2 protein chains.
Amino acid sequence: MMLSYATSQSGAISSLSSGQYSTVYNVLSLAIASLLFTALYLLLSQRQVAPRYRNAIVVSAIVCGIAAYHYFRIFANFQESYPAGATIDAAHVLSNVEFNEGYRYVDWFLTVPLLLVETVAVLALSRAASQRLLVRLVPAAALMIVLGYPGELTLETGPRVIWGVLSTLPFLYLLYVLFVGLTKALEGKSPQVRAQISNLRWILLASWGVYPIAYAFPLIGGDFFSGAGGFVLRQTGYSIADIVAKALFGILIYRLARTQSREEDPQVYGDGHDLQRVA
Amino acid sequence: MMLSYATSQSGAISSLSSGQYSTVYNVLSLAIASLLFTALYLLLSQRQVAPRYRNAIVVSAIVCGIAAYHYFRIFANFQESYPAGATIDAAHVLSNVEFNEGYRYVDWFLTVPLLLVETVAVLALSRAASQRLLVRLVPAAALMIVLGYPGELTLETGPRVIWGVLSTLPFLYLLYVLFVGLTKALEGKSPQVRAQISNLRWILLASWGVYPIAYAFPLIGGDFFSGAGGFVLRQTGYSIADIVAKALFGILIYRLARTQSREEDPQVYGDGHDLQRVA
């Protein structure tokens, strides 16, 4: 009784079945492995792209590294918050340690602006054009995260909706800059490069679209979405969105840098077939 | 009763609400992530600047690394000093483990002189001019930290004011050297470089200004500033000031090194557009 009072106060989930626990546990570990080793892969592959694209690759690696750090913390925190019961089949009841959603927001506060930095960096625009995009994208991204956090902390419908809407405004502005402002900056790129940049934007949109959906679960209500089922789905959704928006996105940034390096200097960055043909 | 006697003796905060605890916890983790990954980014980007600027980048990375180490310690110490209560909503009561502000002073004792070393190093002055600045800046910085520590340990107004004033004297001397002595050393730099150095100094002044303000909270008095609220604000202020004065400052040092490298050797350190235009 006391426990359920305590949990209803904070909105924390009071208990997870062993199956629900395992699902979140494995998804968090999948995120650690994906993000940590994408960071390493990108660092190790830096020299496969021309020098002007290397900053984009290093920033992509740093983004995956920051996210991996936070997933290590989230994983350890999850184990402490929902310790094993008396038997392996028993429910994992919430301990006295809060499950801290703050880690995700701290992570996004750092990584989402950096994702836009890597996107602009890989385009290798003129200094002035890059600057023009970044002064619009980076503050809007930071604002989007900061405005979302107060809404995440509450389960009351009113404030959650208001902060959600406020957070959506900079998100829409970001989309506008990415789909309109950025398009103008791409004149002169080859069709292949333009197609890859277009894919990059759609992946960004698709993965970023998952976050507001997971955020809205408690608003949908019902036993499932505001209970343990919704918690599992939200943690899974956030984790998979992070893997796509950071690890997969980083790999695509790397591919785009490779394509451009090859177009500009096939002798050095070609795949070897061109070299053989030349020779 | 006994607990409150013990805590009033040492001036330690006897209890934090779960919200206050989470705020400090998340800010400390933000500091770890910001400092650790800025250190990595700087190390990985070393080769993007001309050899004469690389020492400044390595020292900047070392400063962020030392600070990240101390934040790992502070984070673990904070968890031990204020363990979770019976439920996640319960207050975090001070345990038998002291929350050690000494970590911050040890950190500053090492990093603040090094921040001045990296600032002088990135200017790439003549050996004699660098030497002249460093023999004045480094001892003053160390003295400033050493004189502040006895004041941090006490909550008595008299000693806290006296040590605070003593610590301010070398701080004012530092500002004099940075804003007057250093300006003379900048003749011959391009307007863009001078503007960036000017920004650098203002960021140093703004972020270093936060430390004495946080230090003075217990002097302001009242329930808030000398209680748990003041503790949260002081920890948050110190942490954000460290992120700005070390991580953000390191990135600006890197940018300044890039600008100078590009001016001096556009063929190697230009962004590629210059190269295409040349070709």
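Residues numbered from 1 in each chain as written. Chains lettered and ligands numbered in written order. Predicted model: local features only at pLDDT ≥ 70, side-chain atom pairs only at ≥ 80, totals over all residues. Heavy atoms only, no water.

1. Side note on the UniProt feature "transmembrane region" (unreviewed entry) in chain A
Residues and elements named next belong to chain A. Stated precisely, the cut-off is as follows: UniProt positions are given in the numbering used here, feature names are shortened, and annotations may be inferred rather than shown by experiment. Here a strand is any run of E in DSSP of at least two residues, a helix any run of H or I of at least four, and the numbering for each starts at the N terminus.
Here, the residues flagged by UniProt with the feature "transmembrane region" (unreviewed entry) are residues 24-44, 56-72, 108-126, 133-149, 161-182, 202-220 and 240-257. The straight-line gap between the two end C-alpha atoms of residues 108-126 is 28 Å; of that span, 84% is helix and 0% is strand. Within residues 240-257, the helical portion is 100% and the strand portion 0%, while the C-alpha atoms at the span's ends are 24 Å from each other.

2. Focus: the pattern of salt bridges
Oppositely charged side chains can form a pair if their charged atoms are brought close together. All names here are of chain B. Selection rule: The salt bridge definition used is simple: a Lys or Arg side-chain nitrogen within 4 Å of an Asp or Glu carboxyl oxygen. Buried means the residue's accessible area, taken with a 1.4 Å probe over protein chains only, is under 20% of the maximum for its type, while exposed means over 50%, and partly exposed covers the values in between.
Scanning all chains against the criterion turns up 15 salt bridges over all chains. Salt-bridge contacts for Glu-264 lead to Arg-52; the nearest nitrogen and oxygen are separated by 3.1 Å. Residue Glu-264 is found in helix 10 (residues 228-264), and its partner Arg-52 is found in helix 3 (residues 51-81); the two are separated by 212 residues along the sequence. Classification of Glu-264 as partly exposed rests on a relative accessible area of 43%.

3. Looking at the interface of chain A and chain B
What counts, and what does not: A contact between two residues is defined here by any heavy atoms of the two lying within 4.5 Å. The term buried area means the drop in 1.4 Å probe accessible area that two parts suffer when joined, counted for both and summed. N or O atoms closer than or at 3.5 Å make up a polar contact, with two conditions inside protein: a donor-capable atom paired with an acceptor-capable one, and, for residues adjacent in sequence, both atoms drawn from side chains.
On the chain B side, the residues contacting the 35 residues of chain A number 28 residues. The contact between chain A and chain B buries some 2,600 Å² in all, and 57% of this surface belongs to carbon and sulfur atoms. Looking only at chain A, the three residues that lose the most surface to chain B are A:Tyr69, A:Asn96 and A:Arg127, adding up to 22% of its buried area. Remark: the boundary between chain A and chain B carries zero salt bridges. The interface formed by chain A and chain B holds six residue pairs in polar contact (both at pLDDT 80 or more) in total. The set of elements that each furnish at least two residues to the side of chain A that touches chain B consists of helix 1 (2-10), helix 3 (51-81), helix 4 (102-123) and helix 5 (127-153) of chain A.

4. Some words on empty space enclosed by the protein
Condition: Two kinds of site are reported from a 1 Å grid over the protein atoms alone, namely cavities, where a 1.4 Å probe fits but cannot get out, and pockets, open sets with protein on both sides within 12 Å along at least five of seven lines, and residues are called lining when an atom falls within 4 Å of a point. Grid points are joined across faces, edges and corners, and a volume is the space filled by probe spheres set on the points. Ten residues, namely Ala, Val, Leu, Ile, Met, Phe, Trp, Tyr, Cys and Pro, are considered nonpolar, four, namely Asp, Glu, Lys and Arg, are considered charged, and the remaining ones, Gly among them, are considered polar.
Tallied over the full model, the rule gives two cavities of 30 Å³ or more. Taken as a whole, the largest cavity spans an internal volume of roughly 60 Å³. Residue lining of the largest cavity: B:Thr119, B:Leu123, B:Leu178, B:Leu182, B:Ile197, B:Leu200, B:Arg201, B:Leu204 and B:Phe249, and that is the complete set. Listing elements by their share of the lining of the largest cavity, those giving two or more residues are helix 4 (102-123), helix 6 (157-184) and helix 7 (191-215) of chain B. Across the lining of the largest cavity, the residue classes tally to seven nonpolar, one polar and one charged. For the second largest cavity, the full set of lining residues is A:Leu175, A:Leu178, A:Phe179, A:Arg201, A:Leu204, A:Leu205 and A:Trp208. When residues of the lining of the second largest cavity are traced back to their parent elements, those giving at least two are helix 6 (157-184) and helix 7 (191-220) of chain A. Per-element accounting of the lining of the second largest cavity gives the leading share, four residues, to helix 7 of chain A. Here the lining of the second largest cavity is composed, by residue class, of six nonpolar, no polar and one charged.

5. A few points about the nonpolar core
Inclusion rule: Nonpolar cores are built from buried Ala, Val, Leu, Ile, Met, Phe, Trp, Tyr and Cys residues. Side-chain atoms within 4.5 Å join them into one set.
Ranked by size, the top nonpolar core spans 163 residues in total, and within it A:Phe78, A:Tyr82, A:Trp208, B:Phe78, B:Tyr82, B:Trp208 and B:Phe231 carry the most contacts. Looking at this core element by element, the count peaks at 17 residues for helix 3 of chain A. What A:Tyr82 contacts, discounting residues up to four positions off in sequence, is A:Ile13, A:Leu16, A:Tyr21, A:His92, A:Val93, A:Leu94, A:Phe99 and A:Phe231.

6. With respect to the relation of the copies chain A and chain B
The operation relating the two chain copies consists of a rotation about an axis and a shift along that axis. Cut-off, in case you're wondering: Residues reaching a pLDDT of at least 70 in both copies supply the C-alpha atoms on which the copies are superposed by least squares.
You can overlay chain A on chain B at an RMSD of 0.1 Å; the transform is a turn of 70 degrees with a shift of 0.1 Å along its axis. Both chain copies can therefore be described as sitting about a five-fold axis. Residue A:Leu44 of chain A places its C-alpha closer to the rotation axis than any other residue of that unit, at 9.5 Å. Interface overlap between copies is the fraction of interface residues in one copy that are interface residues in the other; for chain A against chain B it is only 3%, indicating separate surfaces.

7. Side note on the environment of B:Ala247
Residue and element names in this part refer to chain B. Within the element layout of this structure, Ala-247 appears in helix 10. Taking the C-alpha atoms as reference points, Ala-247 and Phe-37, separated by 210 residues in sequence, lie 8.8 Å from one another. If sequence neighbours within four positions are ignored, Ala-247 has contacts with Ser-34, Leu-35, Thr-38, Cys-64 and Asp-242.

8. Considerations on the side chain of B:Ser22
Mapped onto the elements of the fold, B:Ser22 is located in helix 2 (residues 18-45). With a relative accessible area of 15%, B:Ser22 lands in the buried category. Side chain to side chain, B:Ser22 and A:Glu98 meet in a polar contact 3.2 Å long.

9. Focus: the packing of helix 4 of chain A against helix 9 (residues 228-264) of chain A
Residues and elements named next belong to chain A. To be explicit about the condition: Fitting a line to C-alpha atoms yields each axis, with helices limited to the stretch in contact; the angle taken between N-to-C directions then spans 0 to 180 degrees. The scheme is simple: roughly parallel for angles under 35 degrees, roughly antiparallel for over 145, roughly perpendicular for 65 to 115, oblique for anything else. The crossing is said to be left-handed when, going from far helix to near helix, the turn is anticlockwise and less than a right angle, and right-handed when the turn is clockwise.
Contact geometry for helix 4 and helix 9: axes closest at 11 Å, N-to-C directions at 20 degrees. One element, helix 4, and the other, helix 9, form an angle in the roughly parallel class. Note on packing geometry: the crossing formed by helix 4 with helix 9 is left-handed. Residue-level contacts link Arg-104, Tyr-105, Asp-107, Trp-108, Thr-111, Leu-115, Glu-118, Thr-119, Val-122 and Leu-123 of helix 4 to Gln-235, Tyr-238, Ser-239, Asp-242, Ala-245, Lys-246, Phe-249, Gly-250, Ile-253, Leu-256, Ala-257 and Gln-260 of helix 9. Each residue belonging to the contact of helix 4 with helix 9 can be placed in one class, and the counts come to 11 nonpolar, six polar and five charged.

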